[in-house]
Amino acid sequence: MKKKVLCAIAAVVFCLAVPVGALANSAEPPCVTVLVLAPPGGLELTIEFDSAQGEEPQRLSGDRMLWEGYYRFYGRWDIDPEGLTGARLVAEMGGESFALPIDPTGFARYNNLITLDVGARTLTQGQPWWRQPLLVVLRVALTLALEGLIFYLWGYREKRSWIVFLMVNLVTQFGVNIAILCFLPAASRTYDAMWAKVLLYGPMEVLVILLEAIALPLLLKEQRKRTAVGCAVMANILSWFLGSVLLSVLPV
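These figures come from a predicted structure and were not determined experimentally.

Definitions and limits used
- Residues numbered from 1 in each chain as written.
- Predicted model: local features only at pLDDT ≥ 70, side-chain atom pairs only at ≥ 80, totals over all residues.
- Heavy atoms only, no water.
- Helix = DSSP H or I, 4+ residues; strand = E, 2+ residues; numbered from the N terminus.
- Buried < 20%, exposed > 50% of the residue type's maximum accessible area, 1.4 Å probe, protein only.
- Contact = heavy atoms within 4.5 Å.
- Areas by Shrake-Rupley, 256 points an atom, 1.4 Å probe, with all protein chains shown as cover.
- Phe/Tyr/Trp six-rings, centres within 6.5 Å; stacked < 30°, edge-to-face > 60°.
- Axes fitted to C-alpha atoms, helices over the stretch in contact; angles between N-to-C directions.
- Parallel < 35°, antiparallel > 145°, perpendicular 65-115°, else oblique.
- Left-handed = near helix turned anticlockwise from the far one by under 90°.
- Nonpolar A, V, L, I, M, F, W, Y, C, P; charged D, E, K, R; others polar.
- Salt bridge = Lys/Arg side-chain N within 4 Å of Asp/Glu carboxyl O.
- Core = buried A, V, L, I, M, F, W, Y, C linked by side-chain atoms within 4.5 Å.
- Polar contact = N/O pair within 3.5 Å; in protein donor to acceptor, adjacent residues only side chain to side chain.

Draft legend 1. Quick peek at the overall build of the protein. Across its full length, the protein carries 5 helices and 9 strands. Here the protein holds 252 residues, and the buried ones make up 41% of them. At a minimum sequence separation of 6, the contacts of the protein that also span at least 24 residues come to 71%. Counting only carbon and sulfur atoms, one obtains 68% of the accessible surface of the protein, whose full area is about 14,600 Å².

Given below as structure tokens:
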């Protein structure tokens, strides 16, 4: 036993006495995301800097999700935004190009989102006002369509039952989408969507299942209570799967 303790102490002392280099994760650098609606084929974006340090132009990495394109520039800790006298976003496509001024102070902020309108050649801070309402309506409509089908197959036909179904589901879907808007940044990366499904969306759906399994049997009178519970559980399990898919394939 003493030999094992001495060996352990010797190993610790050896590690402290002989330092070695190591690589480790650090905080994520600031990020500028350029949102492009219906980006044309071959679009390439580059940021050019006006700086005394002679910063090299930075090509933005791009990816696409359905009708949206995302071009991201990850700031570097050695770039001092206060030392930049200006910056430009250069768009190149099909043999033509144009440049638009971009606020360099945004390079030091997290989740900085700007929208590029290629047709109008404008660059605006944030996202279009209608974007999030449209995405929320799409998510809610698809979810209600799936859960409504299950509700119908479970034998609910009365008008009062459908009013209860709509009211309960609109309340729960409103809560789910508010949480998504609050905790998942707009134009999020695939990694963020995966994080949301595991740590955010899953617990929310469990809560929704519990709430609807309690509310529907109390409010619905057309079928037995156990039928209402079974309907709520089945509809929300399928909705959980659909919502996970939507977070992966629909813009956020």
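Now, onward.
Draft legend 2. The packing of aromatic side chains, seen in detail. Applying the stated criterion across every chain, the model contains 5 aromatic pairs. Ring centres of Phe151 and Trp162 lie 4.9 Å apart, and the angle between their planes is 80°; this geometry places the pair in the edge-to-face category. Of this pair, Phe151 sits in helix α2 (residues 131-153) while Trp162 sits in helix α3 (residues 159-183), and the two are 11 residues apart along the sequence. Of the residues examined, Phe151 reaches a relative accessible area of 1% and is grouped as buried. Taking the relative accessible area as the measure of exposure, Trp162 reaches 24% and is therefore partly exposed. An aromatic cluster of at least three residues, connected via ring pairs, comprises Phe151, Tyr156, Trp162 and Phe165.

Draft legend 3. Broad picture of the packing of α2 against helix α5 (residues 225-249). Contact geometry for α2 and α5: axes closest at 9 Å, N-to-C directions at 150°. Our classification of the angle between α2 and α5 gives roughly antiparallel. For α2 against α5, the interelement crossing comes out right-handed. Of the residues in α5, those in contact with Arg139, Leu142, Thr143, Leu146, Glu147, Ile150 and Phe151 of α2 are Cys231, Met234, Ala235, Asn236, Leu238, Ser239, Leu242 and Leu246. Within the contact of α2 with α5, the residues separate by chemical class into 10 nonpolar, 3 polar and 2 charged.

Draft legend 4. Summary view of the environment of Pro40. By the element assignment, Pro40 lies in the loop between β1 (31-37) and β2 (44-51). In sequence terms Pro40 and Gly119 are 79 residues apart; their C-alpha atoms lie 9.6 Å from each other. Leaving out residues up to four positions away in the same chain, Pro40 has contacts with Met93 and Val118.

Draft legend 5. Region of interest: the pattern of salt bridges. Here the structure, examined in full by the defined rule, presents 6 salt bridges. The salt bridge involving Glu44 is made with Arg59; its shortest N-O contact spans 3.0 Å. Within this pair, whereas Glu44 is found in strand β2, its partner Arg59 is found in strand β3 (residues 58-59), the two being separated by 15 residues in sequence. A salt bridge links Arg88 to Asp50; the shortest N-O distance between them is 2.9 Å. In this pair, Arg88 is assigned in strand β6 (residues 84-93) and Asp50 in strand β2, connecting sequence segments 38 residues apart. Judged by relative accessible area, Arg88 falls into the partly exposed class, the value being 28%. Through salt bridges with shared partners, a single ionic network connects Glu48, Asp50 and Arg88.

Draft legend 6. Just the nonpolar core, in detail. Within the largest apolar cluster, 21 residues are counted, with the highest numbers of intra-cluster contacts made by Val34, Leu45, Ile47 and Leu116. Of all the elements in the fold, those that place two or more residues in this core are β1, β2, β5 (68-74), β6, β7 (96-101) and β8 (112-117). The dominant element in this core, judged by the number of residues it contributes, is β6, at 4 residues. Those residues in contact with Leu116 that sit more than four places away from it in its chain are Val34, Leu35, Val36, Leu37, Leu45, Leu89, Phe98, Leu100, Thr122 and Leu123. Of all hydrophobic cores here, the second largest spans 12 residues; its members include Ile150, Tyr156, Leu216 and Leu220.

Draft legend 7. The arrangement of the side chain of Glu147 in detail. Within the element layout of this structure, Glu147 appears in helix α2. In terms of polar contacts, Glu147 uses its side chain to reach the side chain of Ser239, at 3.1 Å. Among residues more than four places away in sequence, those in contact with Glu147 are Phe165, Asn169, Gln173, Glu212, Ala235, Asn236 and Ser239.

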